[in-house]
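Observations on the model geometry
The lines below spell out each chain.
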Amino acid sequence: MSDSRLGEAAHFAFARHETFAPRFGWLHKAYMQVKEDQGAFLAEDAPVLFGVGKNMVNAMRYWSRAFKLTREHSPTKGTQAKFSFPTWEARWLLDEDGADPYLEETGSLWLLHWWLVSSRPGAKSWAPAWYTAFHLAPFSRFTVADMTQVVTRHVNFSYAESPVEASIVRDIDCVTKMYARSAPEKAGSPGSYEDLLACPFRDLDLLTFVGTRGKPEWQFTSGHRTTLPARVLAYACLDYAAKFSRQANSISVARLANEPGSPGRAFRVRENEIVTALQKIAADHPQLNLTEAVGQRSLAFTADPFTLAWEVLDEQYDFVTRRPGFPTREEWAAKFPKLAEAEQKELATDTNTAELLFEETA
C-alpha cells in the first residue's frame, strides 16, 4: 500500500511563493486590504495597494492562504477568478484591535507556524513541502537534494499529478531561508539576502545551517523552546486532538509528540516539554486533565477540544474575543458567506480524494 499521508493532509501547491519567504508586515497588510476588498490581490494597481512588486503581491497572497488567514473562492458563479476572504482567525490575530496585528510576540510566530504545517478536515495545509519536511521526513539533518527526494516520493504517492522538480527545490530552498538563522555565503535566489534579514520566522530557531560552503546542509533543532508559550503549545495539542474528536475524549502524549501532523513534530519538542506545558495549563482549566495508565500519559478533555483550544489561546492574548465589538465566528461568517462555501468545497474535495485513494490502494 502506498503512503498517501501527504495527500490527505495537504493540497497540491508548489512554488507559489515566488521564492520569497514571508516578511515582516506582509500578513497584516494583506489582511487589512482583503478585509475591505476581497479582489485586492487581483487588482491592476495591487503593487501600489500593497507597496511591493508584482511577484511579492503573489507571494503575499500565497502566504495569507497558507497560514489559513484567507480562503479563496469565486465571487460569483461562472467566474474563474478567485477572491481572497479573510478568516475569523485573521480577524482575531491581525486586526488593529486583534491579538497581535504586527506579530511583535514570538508566540504569534509559533502559532502561525502551527497553522502553516497543521491539517484538519476542511482546513488542510497549503504547504505540502513544509508539511513533509516537518512531519514526514525521516531525518533531522539534510541537504536540499535529500529533502527534495523525500518530498518527490510523497508527492508521487499522494497526487495524480507531479510538479517539476525545480518547483520542489524552490520550496525546500524557501524552507531553509524561512527558518534558518545562518545560511551559506552564496544565497540561492534573488530574494535570499533580503529574506534572511526580513523573515520573522527565523526567530523560532527551528533550523540551523551545519554544512560548509561547498556542501550546504541544515539540521532541525530540538530541545526546550524558551520562546514557545505553554498556552500556544497547549492550543496546538487540543487543536490536533480536535482533528479526531469534537467531543469529550483523550489523546496520548506520545501521539501529541510523535505522530505525523502532531505539535511535537511541528515544534520539534519532546514528550516531557509537552507534559510540562499541559500540566501548567490544566492547573487553571478544570476541563483539562493529564492522566496516566499503564505508564502512558494522556490529555483528557471533558468538552469539545477545538472550543477548549481557543479558550486557552484567547487567554494568552488577554481575551481578544471579549473585547467590545469583536465578532463571533457566526457573525464573521455572515459578513463573508464565501468562507463557508470555500470550506464546504474543500470538505467535499477531501471526501472525493479519500475515496479515490482508497480505490487506488485497495
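Residues numbered from 1 in each chain as written. Predicted model: local features only at pLDDT ≥ 70, side-chain atom pairs only at ≥ 80, totals over all residues. Heavy atoms only, no water.

**Section: the sheet that holds strand S7 (residues 288–293)**
- The strand order across the open sheet built from 3 strands is S6-S8-S7, with neighbouring strands paired in antiparallel fashion. Single-partner strands in this sheet number two, and they are strand S6 (249–252) and S7. Between one strand axis and the next, the sheet turns by 30° as a mean value, whatever way the strands run.
- Bridging between S6 and strand S8 (residues 296–301) involves 4 bridges; their strand directions are antiparallel. Considered in S8, the bridge of isoleucine 251 is made with leucine 299.
- Running over the sheet, helix H11 (residues 230–242) touches S6, S7 and S8 and is turned about 80° from S8. (Pairing = 2+ DSSP bridges. Helix = DSSP H or I, 4+ residues; strand = E, 2+ residues; numbered from the N terminus. Axes fitted to C-alpha atoms, helices over the stretch in contact; angles between N-to-C directions. Contact = heavy atoms within 4.5 Å.)

**Quick word on helix H9 (residues 165–179)**
- A rise of 1.5 Å per residue sets the reference length of H9, with its 15 residues, at 21 Å; its end C-alpha atoms lie 22 Å apart and thus fit the reference within 8%.
- Along H9, the residues that are buried comprise Ser167, Ile168, Asp171, Ile172, Cys174, Val175, Thr176, Lys177, Met178 and Tyr179. (Expected span 1.5 Å × (residues − 1). Buried < 20%, exposed > 50% of the residue type's maximum accessible area, 1.4 Å probe, protein only.)

**Considerations on the packing of helix H7 (residues 128–136) against H9**
- One can describe the packing of H7 onto H9 by two numbers: an axis separation of 9 Å at closest approach and a directional angle of 65°. With respect to H9, the axis of H7 lies roughly perpendicular. As for how H7 packs across H9, the hand of that crossing is right-handed. Mapping the contact onto sequence places Ala129, Trp130 and Phe134 in H7 and Asp171, Ile172, Cys174, Val175, Met178 and Tyr179 in H9.
- For the contact of H7 with H9, the class distribution of residues is 8 nonpolar, no polar and 1 charged. (Parallel < 35°, antiparallel > 145°, perpendicular 65-115°, else oblique. Left-handed = near helix turned anticlockwise from the far one by under 90°. Nonpolar A, V, L, I, M, F, W, Y, C, P; charged D, E, K, R; others polar.)

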